[in-house]
Amino acid sequence: MRTKLNSLMIVLALLAGVSCALAQVLIPSNAPAGGQSILYWPSSPTNYLLQTTANPAAPNWMTASNAVPINAVAVTNALPAAFFRLKQTTIPPGMALIPAGWFRIGNYIVDNFYNTATNDPDITDALPTNVYVSAFYMDVNLVSYSQWQTVYNWATSNGYAFRYPGSGNATNQPVFSMDWYDAVKWCNARSQQAGLMPVYYADVGFTQVLNNGDFNDAALYVNWSANGYRLPTEAEW
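Residues numbered from 1 in each chain as written. Predicted model: local features only at pLDDT ≥ 70, side-chain atom pairs only at ≥ 80, totals over all residues. Heavy atoms only, no water.

Participant: Any chance you could explain the pairing of strand β11 (residues 136–139) here in plain terms?
Facilitator: Where a strand is regular, its side chains alternate between the two sheet faces. Residues F136 and M138 point to one face of β11 and Y137 and D139 to the other, with burial holding for every one of them. Pairing analysis gives four bridges linking strand β6 (residues 95–98) to β11, with the strands arranged antiparallel. Across the sheet, I98 pairs through a bridge with F136, a residue of β11. (Buried < 20%, exposed > 50% of the residue type's maximum accessible area, 1.4 Å probe, protein only. Helix = DSSP H or I, 4+ residues; strand = E, 2+ residues; numbered from the N terminus. Pairing = 2+ DSSP bridges.)

This is the structure:
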């Protein structure tokens with residue numbers, strides 16, 4: 001079923017801060033617990049934070065507190081195996097850093113005034129559960145019609161096809177009247193225009209950037225390792 005979204009207001013997210021040059025490199029450290037590993041990276045990058053995870057396939061990136069400079073007396077590795085990355089700590093213009101953390105999602109309503117929690121009895125398919133969300137950047141403002149048009153015009157001149165052109169009550173007000181596939185294709189176009197890696201693809205191998213098609217004829221695959229713009233997930237929203 002094809003649905004036109006008459007009042008879609010897009011908020012865009014960026015995976016928190018791995019640059020194009022550094023996003024492709026995970027530095028393995030497989031020294032036994034209590035052993036030592038030496039990590040190398042270019043000296044030119046600034047405003048980066050060293051993070052570590054035990055499983056890059058389902059990462060839970062944490063600040064690498066067990067790493068010390070090479071000129072230290074001892075270099076210790078508290079984990080039996082780990083992977084590392086450099087995360088950019090500067091915030092892109094127009095975006096805010098949403099920190100990583102746990103929260104409860106589902107049919108769970110908190111009243112901060114009375115310090116109580118309840119649920120909606122009419123909702124039976126959203127049992128509360130605790131989820132962990134990695135850090136990410138999000139636009140502080142909804143995508144304006146002017147911003148949409150700028151990327152849209154670039155996209156349609158570079159191989160993109162949209163079902164709806166989008167509308168706006170004014171250039172500085174939120175864009176609306178497009179479908180969901182238009183939104184994700186617009187995200188890809190904004191990524192490519194900015195020199196970032198697109199997030200949405202038409203094939204499982206991430207070789208064909210999603211730039212046309214809609215609900216009837218386009219498969220969609222998400223590259224969570226890409227550093228481009230995307231729509232926020234349900235948990236992030």
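Participant: What exactly am I supposed to notice about the packing of aromatic side chains here?
Facilitator: What describes a pair of aromatic rings is the distance from one ring centre to the other and the angle between the planes of the rings. Applying the stated criterion across every chain yields a total of nine aromatic pairs. With 6.4 Å between their ring centres and 25° between their planes, W148 and Y152 make a pair best called stacked. Here W148 and its partner Y152 are both found in helix α2 (residues 145–156), four residues apart, which amounts to about one turn of the helix. Accessibility expressed as a relative area gives 0% for W148, which makes it buried. Ring-pair connections join several aromatic residues into one group, and the members of that group are W148, Y152, W154, Y160, F162 and W186. Looking at R190, its charged tip hangs above the ring of Y229, at a distance of 3.9 Å from the centre. (Phe/Tyr/Trp six-rings, centres within 6.5 Å; stacked < 30°, edge-to-face > 60°. Lys NZ or Arg CZ within 6 Å of the ring centre and 35° of its normal.)

Participant: Please explain the nonpolar core as it appears in this structure.
Facilitator: Generally speaking, soluble globular proteins have nonpolar side chains that are buried together. Counting residues in hydrophobic clusters, the biggest one holds 13 residues, and the most contacted among them are W148, F162, V175 and W186. Taken together, the elements giving at least two residues each to this core come down to α2 and α3 (180–193). In terms of residue count, the dominant contributor to this core is α2 (five residues). Judged by nonpolar contacts, the second largest core, of twelve residues, contains Y181, L210, A226 and L231. (Core = buried A, V, L, I, M, F, W, Y, C linked by side-chain atoms within 4.5 Å.)

Participant: Help me understand the pattern of salt bridges, please; the structure alone is not making it clear to me.
Facilitator: Any two side chains of opposite charge can pair, given that their charged atoms come close. Applying the stated rule across the entire model yields three salt bridges. Here K185 ties to D182 by a salt bridge, and the two come within 3.7 Å at their closest N and O atoms. Of the two residues, K185 and D182 both sit in helix α3, three residues apart, roughly one turn of that helix. For D182, a relative accessible area of 0% translates into the label buried. Across the pair R230 and E236 runs a salt bridge, and its minimum N-O distance is 2.7 Å. Look at R230 and you get buried, because its relative accessible area is 2%. Judged by its relative accessible area of 15%, E236 is buried. (Salt bridge = Lys/Arg side-chain N within 4 Å of Asp/Glu carboxyl O.)

Participant: Which parts of the structure should I look at to understand a nonpolar patch on the surface?
Facilitator: A surface patch of nonpolar side chains, amounting to about 280 Å² of accessible area, comprises V204, F206 and Y221. Structurally, Y221 is set in strand β13 (residues 221–222). Given the relative accessible area of 33%, Y221 is considered partly exposed. (Patch = residues over 30% accessible without salt bridge, like charges linked within 9 Å, V, L, I, M, F, W, Y side chains within 5 Å. Areas by Shrake-Rupley, 256 points an atom, 1.4 Å probe, with all protein chains shown as cover.)

Participant: Even after reading the chapter, I still don't get α3, so can you show me in this structure?
Facilitator: Since the α-helix turns once every 3.6 residues, residues separated by three or four places project in the same direction. When the terminal C-alpha atoms of α3 are compared, their 20 Å separation across 14 residues agrees well with the 20 Å that a helix rising 1.5 Å per residue should span. α3 sits mainly inside the fold: eleven of its 14 residues count as buried. What α3 keeps buried is the set Y181, D182, A183, V184, K185, W186, C187, N188, A189, R190 and S191. The inward-facing, buried residues of α3 abut β11, α2, β12 (200–201) and β14 (229–230). Between a side-chain oxygen at the N-terminus of α3 and the backbone nitrogen of Y181 the separation is 3.1 Å; the capping residue is D179. Count one or two residues on from α3 and you reach G195, which has phi positive near 80°. (Expected span 1.5 Å × (residues − 1). Contact = heavy atoms within 4.5 Å. Polar contact = N/O pair within 3.5 Å; in protein donor to acceptor, adjacent residues only side chain to side chain.)

Participant: What is the right way to look at the environment of S167 in this model?
Facilitator: Tracing the backbone through its elements, the reader meets S167 in the loop between α2 and α3. Relative accessible area serves as the criterion here: at 29%, S167 is assigned to the partly exposed category. Each C-alpha atom of the pair S167 and S146 lies 9.7 Å from the other, and the pair is 21 residues apart in sequence. In contact with S167, not counting residues within four places along its chain, are Y145, P174, V175, F176 and S177.

Participant: Whenever I open this one, the packing of α2 against α3 confuses me. Can you help?
Facilitator: Helix-helix packing is described using two parameters, namely the angle between the two axes and the distance between the axes. Direction vectors running N to C along α2 and α3 enclose 80°, while the axes themselves pass 9 Å from each other. It follows that α2 is roughly perpendicular to α3 by the angle criterion. Counting all contacts with α2, which are made through Q147, W148, T150, V151, Y152, W154 and A155, the residues of α3 involved are D182, A183, W186, A189, R190, Q192 and Q193. Of the residues assigned to the contact of α2 with α3, the class counts are eight nonpolar, four polar and two charged. (Axes fitted to C-alpha atoms, helices over the stretch in contact; angles between N-to-C directions. Parallel < 35°, antiparallel > 145°, perpendicular 65-115°, else oblique. Nonpolar A, V, L, I, M, F, W, Y, C, P; charged D, E, K, R; others polar.)

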